[in-house]
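Chain by chain, the residues:
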Amino acid sequence: MTTPSFLGDWLVSEYVYTPAGEYAGVIHQRRKLQPQGDVIRVIQICEPVKVADGISAKAQEVVDVMNKRVGEFVFDLKIVGKARHYLGEDVVGGGFSWRDGVLTARGMWTRFGYNFTSFSMLVNPNRQVTGGKFFNANEEVATIVGVGVPENEGFPILEPTQPGGDYQGERYLISPDGELLETIAITANDVTFNETEGMRGRQKQYGALREIEAVTAPGETVSWLEVNDETTGMVAGLCKWNRDEKLHHVHVYLLRKSS
């Protein structure tokens with residue numbers, strides 16, 4: 001959840017969803033990223049869930065779990081090339097920076113007691129969309145999608161909307177070791193996933209987040225996530241393409257809604 005371009009003091013709004021996609025509430029969080037020698041000290045201060053109206057019993061269970069993550073959590077982050085090593089105590093694991101401001105990670109919140117996957121993407125220097133999932137081993141507990149901004153801007157809002165209209169921007173082709181192979185300009189209409197003869201898959205919505213798992217060719221699969229940020233008119237996406245169960249390449253794209 002962290003890159004050098006995201007140092008400083010930030011306010012984050014995390015929108016919490018059940019595995020089935022029901023909205024449960026929002027968590028306000030303060031994040032402080034402080035360089036300390038050869039590591040970055042990360043401090044995350046989490047507030048209780050502000051519970052949505054009329055939630056189901058299942059959503060309340062998710063709220064109860066996430067309310068175990070209230071208070072201050074601290075860990076050190078070490079940058080090793082494009083890799084990110086989370087050294088604990090409260091978070092251990094690792095991540096990879098696919099390009100500046102675009103990160104995926106996985107690991108364990110030791111005191112909270114759940115393992116996680118996460119992503120973060122800067123849509124501009126002062127705004128980061130972020131999210132991920134918490135698990136008990138492979139049992140999904142919650143999905144989160146959120147947005148972070150500098151502390152002086154106040155807690156941000158991420159509207160639970162999906163893209164509509166015309167978009168344009170760049171798509172980056174990246175090798176498994178993080179090398180930028182190609183940058184191409186792309187345009188898209190209603191940035192949407194449709195099954196074709198060569199692509200079969202399923203998608204799931206969590207507010208502003210869309211996740212897709214698809215098979216694109218014999219032996220080839222894609223895991224795709226996309227966040228629509230209505231506030232900035234930006235769509236940020238990341239696709240991991242696997243061939244024969246090995247990472248083959250990654251696509252990252254940043255699109256802006258046409259005026």
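Please read these numbers as outputs of a predicted model, since none were measured by experiment.

**Details of the overall build of the protein**
Right, so step 1: Of the regular secondary structure elements, the protein holds one helix and 18 strands.
Right, so step 2: If one aligns the C-alpha atoms of the protein with their principal axes, the spans along those axes are about 50 × 50 × 40 Å.
Right, so step 3: Counting only residues that meet the buried cut, the protein has 51% of its 259 residues in that class.
Right, so step 4: When contacts within the protein are restricted to residue pairs at least 6 apart in sequence, long-range pairs at least 24 apart make up 48% of them.
Right, so step 5: If you sum the accessible surface of the protein, you get close to 11,700 Å²; carbon and sulfur atoms cover 51% of it.
Right, so step 6: If the 26 positive side-chain charges of the protein are averaged to one point and the 34 negative ones to another, these points end up 2 Å apart.

**Quick look at unusual backbone geometry**
Right, so step 1: Going from Gly88 to Glu89, the amide bond is cis rather than trans, its omega being 5 degrees.
Right, so step 2: Turning to its location among the elements, Glu89 is positioned in strand β6 (residues 83-89).
Right, so step 3: Look at Asp244: it is not a glycine, yet its phi comes out positive at around 55 degrees.
Right, so step 4: Note on placement: Asp244 falls in the loop between β17 (234-243) and β18 (246-257).
Right, so step 5: Backbone geometry places Glu245, a non-glycine residue, at a positive phi of 70 degrees.
Right, so step 6: When its relative accessible area of 72% is taken as the criterion, Glu245 is described as exposed.

**As for the pairing of strand β11 (residues 139-150)**
Right, so step 1: Burial runs high along β11: 10 of the 12 residues are buried.
Right, so step 2: Inspection of the sheet shows strand β1 (residues 8-17) paired to β11 by eight bridges, in the antiparallel sense. Of the residues in β11, the one forming a bridge with Ser13 is Val147.
Right, so step 3: As paired elements, strand β10 (residues 127-136) and β11 share nine bridges and run antiparallel to each other. Bridged to Gly132 within β11 is Ile144.
Right, so step 4: Hairpin remark: β10 followed by β11, antiparallel, with two residues in the connecting loop; positive phi at Ala137, about 60 degrees.

Calculation notes
- Residues numbered from 1 in each chain as written.
- Predicted model: local features only at pLDDT ≥ 70, side-chain atom pairs only at ≥ 80, totals over all residues.
- Heavy atoms only, no water.
- Helix = DSSP H or I, 4+ residues; strand = E, 2+ residues; numbered from the N terminus.
- Buried < 20%, exposed > 50% of the residue type's maximum accessible area, 1.4 Å probe, protein only.
- Contact = heavy atoms within 4.5 Å.
- Areas by Shrake-Rupley, 256 points an atom, 1.4 Å probe, with all protein chains shown as cover.
- Lys, Arg positive; Asp, Glu negative; His and termini not counted.
- Charge placed at Lys NZ, Arg CZ, Asp CG, Glu CD.
- Pairing = 2+ DSSP bridges.

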